[in-house]
Amino acid sequence: MADHLYDVGLIPGDGTGPEVVAEARKVLDAAAERFGFRLRFQTFPMSGRHYLDSGELLTDAQLSEIGALPATLMGAIGTPEVRPGILERGVLLKMRFELDLYINLRPVKLLPGVPTVLAKAPEDGIDFVVVRENTEGLYCGAGGFHKKGTPEEVATQESINTRKGVERCVRYAFDLAKTRRRKHLTLCGKTNVLTYAFDLWERVFEEVGAEYGDVTRDYNHVDALCMFLLMSPQRYDVIVTDNMFGDIITDVAAMLQGGLGVAASGNLHPGKTAVFEPVGGSAPQFTGKGVINPLAAIASGQMLLRYLGETDAAAAIERAMIATLKNDMKGVAVGEMGIGTSDVGDRVRDYLLAEK
Ligand code: IPM
Ligand code: MN
């Protein structure tokens, strides 16, 4: 919307996070200039570095500030000095749970000029979206130890699936499928073994699906889906699944679209707030070298604009990314781009502004 002012949070994070966020911001600012809206950024310190310096992970005040913003862009959080689990539970998952960001949206699109891991890219392309439930399942932390450290030790970890949580996720996926050209939704589960959790998912899928006469639907077990992702990814349009399966299949899917250098995601509570981030991590070994690919962060920024309703700007960013990939980049992986991190941001910005 012309002249509209959006308040957007920025969490640069650790390692190469700040570098890629700077490039995404460059592109977002250019999009705002061209399409006549305004962005006001508010930066937040959450990171492994900040935790080591201050002992602070994610405070209640920060949570409510982020929750009050329409959208936030994050780089990546994680540093080898902080033991695994602390930042994940204390920042990333806390943000997803406390802000009730119940959708994890992961588009998988093979852009022209990007090499896929498949020996032969399908002729009809790869263009699907994974809708991952983001607040329940095995991620809830339900379970515990019994007789820990003894030979009789028991460890349990339970998957929590609520009618409300499953239904809102499935409904979001049907709504999304409805807007797409092929209008097809696949439920990914494991109904043959996880006979309680995916029984609920399957019933909800059928019930809600009956309301969406124009969306065709089918079901795949998660193991078969992994096989089909590699054999014939063109069969998918929208995939909906639980938190754990969604985590796993989106890493496989990210490789199909060229890897973590280009894979973007969003954690959404539609209508309330959303946090966008590259699928990949902070890649601390490359910090300051200017070799990391910022396209995943730029694509996350593009998703952010689409979420805010700036769909023309989002589409223009995608065209500028495609032009950059085609004309200026040799590859998308670290060491294969042929140009540096900030060059990629510069080119995308320049194509975006030149189209005017
Ligand atoms: C992701 C990540 C997170 C997850 C980790 C870092 C907690 O792998 O966003 O996919 O498992 O969800
Ligand atoms: Mn993951």
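Definitions and limits used
Residues numbered from 1 in each chain as written. Chains lettered and ligands numbered in written order. Predicted model: local features only at pLDDT ≥ 70, side-chain atom pairs only at ≥ 80, totals over all residues. Heavy atoms only, no water. Patch = residues over 30% accessible without salt bridge, like charges linked within 9 Å, V, L, I, M, F, W, Y side chains within 5 Å. Areas by Shrake-Rupley, 256 points an atom, 1.4 Å probe, with all protein chains shown as cover. Salt bridge = Lys/Arg side-chain N within 4 Å of Asp/Glu carboxyl O. Helix = DSSP H or I, 4+ residues; strand = E, 2+ residues; numbered from the N terminus. Domains from an automatic or database assignment. Contact = heavy atoms within 4.5 Å. Buried area = accessible area lost by both parts, 1.4 Å probe. Polar contact = N/O pair within 3.5 Å; in protein donor to acceptor, adjacent residues only side chain to side chain. Axes fitted to C-alpha atoms, helices over the stretch in contact; angles between N-to-C directions. Parallel < 35°, antiparallel > 145°, perpendicular 65-115°, else oblique. Left-handed = near helix turned anticlockwise from the far one by under 90°. Nonpolar A, V, L, I, M, F, W, Y, C, P; charged D, E, K, R; others polar. Buried < 20%, exposed > 50% of the residue type's maximum accessible area, 1.4 Å probe, protein only. Pairing = 2+ DSSP bridges.

Caption draft 1: Looking closely at a nonpolar patch on the surface. Among the surface-exposed residues, V117, M255 and L260 lie close enough to one another that they form a single nonpolar patch of about 250 Å² accessible area. Here V117 shows up in the loop between β4 (103-109) and β5 (127-133).

Caption draft 2: Layout of the domain arrangement of the protein chain. Domain annotation for the protein chain reports domain 1 (1-110 + 259-356) and domain 2 (117-256). Using only C-alpha atoms to locate each centre, domain 1 and domain 2 end up separated by 24 Å. Opposite the 23 residues of domain 1 that make contact, domain 2 presents 25 residues. Between domain 1 and domain 2, the buried area comes to about 2,100 Å², and carbon and sulfur atoms account for 58% of it. Counting the surface domain 1 buries against domain 2, the share from its top three residues, Y102, R106 and V108, is 31%. Summed over the shared surface of domain 1 and domain 2, the result is one salt bridge. The partner of R168 in a salt bridge is D100, and the shortest N-O contact between them spans 2.7 Å. Applying the counting criterion to the domain 1 and domain 2 interface returns 12 residue pairs in polar contact (both at pLDDT 80 or more). Mapped by element, the contributors of at least two residues to the side of domain 1 that touches domain 2 are α4 (86-98), β4 and β11 (264-269).

Caption draft 3: Summary view of the packing of helix α10 (residues 311-327) against helix α11 (residues 341-354). Following both chains from N to C, one finds α10 and α11 inclined at 125°, their axes separated by 8 Å at the closest point. As judged from the angle between their axes, α10 and α11 are oblique. Crossing of α10 against α11: the hand is right-handed. Side by side, α10 and α11 meet where A316, I317, A320, M321, A323, T324 and N327 of the first sit next to V344, R347, V348, Y351 and L352 of the second. Its residues assigned to classes, the contact of α10 with α11 shows nine nonpolar, two polar and one charged.

Caption draft 4: Inspection of the pattern of salt bridges at higher detail. Considering all chains together, one arrives at 24 salt bridges under this definition. K26 is the partner of E23 in a salt bridge, and the nearest nitrogen-oxygen pair spans 2.6 Å. With a gap of three residues between them, E23 and K26 both fall in helix α1 (residues 17-35), about one helical turn apart. When the shortest N-O distance is used, the salt bridge between E81 and R49 registers 3.5 Å. One end of the pair, E81, is in the loop between β3 (71-76) and α4; the other, R49, is in helix α2 (residues 48-54), and 32 residues separate them in sequence. For R49, a relative accessible area of 43% translates into the label partly exposed. Via salt bridges that share partners, E23, K26, D346, R349 and D350 belong to a single interconnected network.

Caption draft 5: Fine view of the sheet that holds β4. Across the sheet, which stays open at both edges, the 10 strands sit in the order β2-β1-β3-β12-β11-β4-β5-β10-β8-β9 with mixed pairing between neighbours. The outermost strands of the open sheet, each flanked by one partner alone, are β2 (38-43) and β9 (216-221). Between one strand axis and the next, the sheet turns through 25° on average, direction left out of account. Relative to β3, strand β1 (residues 5-13) runs parallel, the two being bridged by five bridges. Its bridge partner lying in β3, L10 is registered against L73. Relative to strand β12 (residues 273-278), α4 is tilted by about 145°, and along the sheet it contacts β1, β3, β4, β5, β11 and β12.

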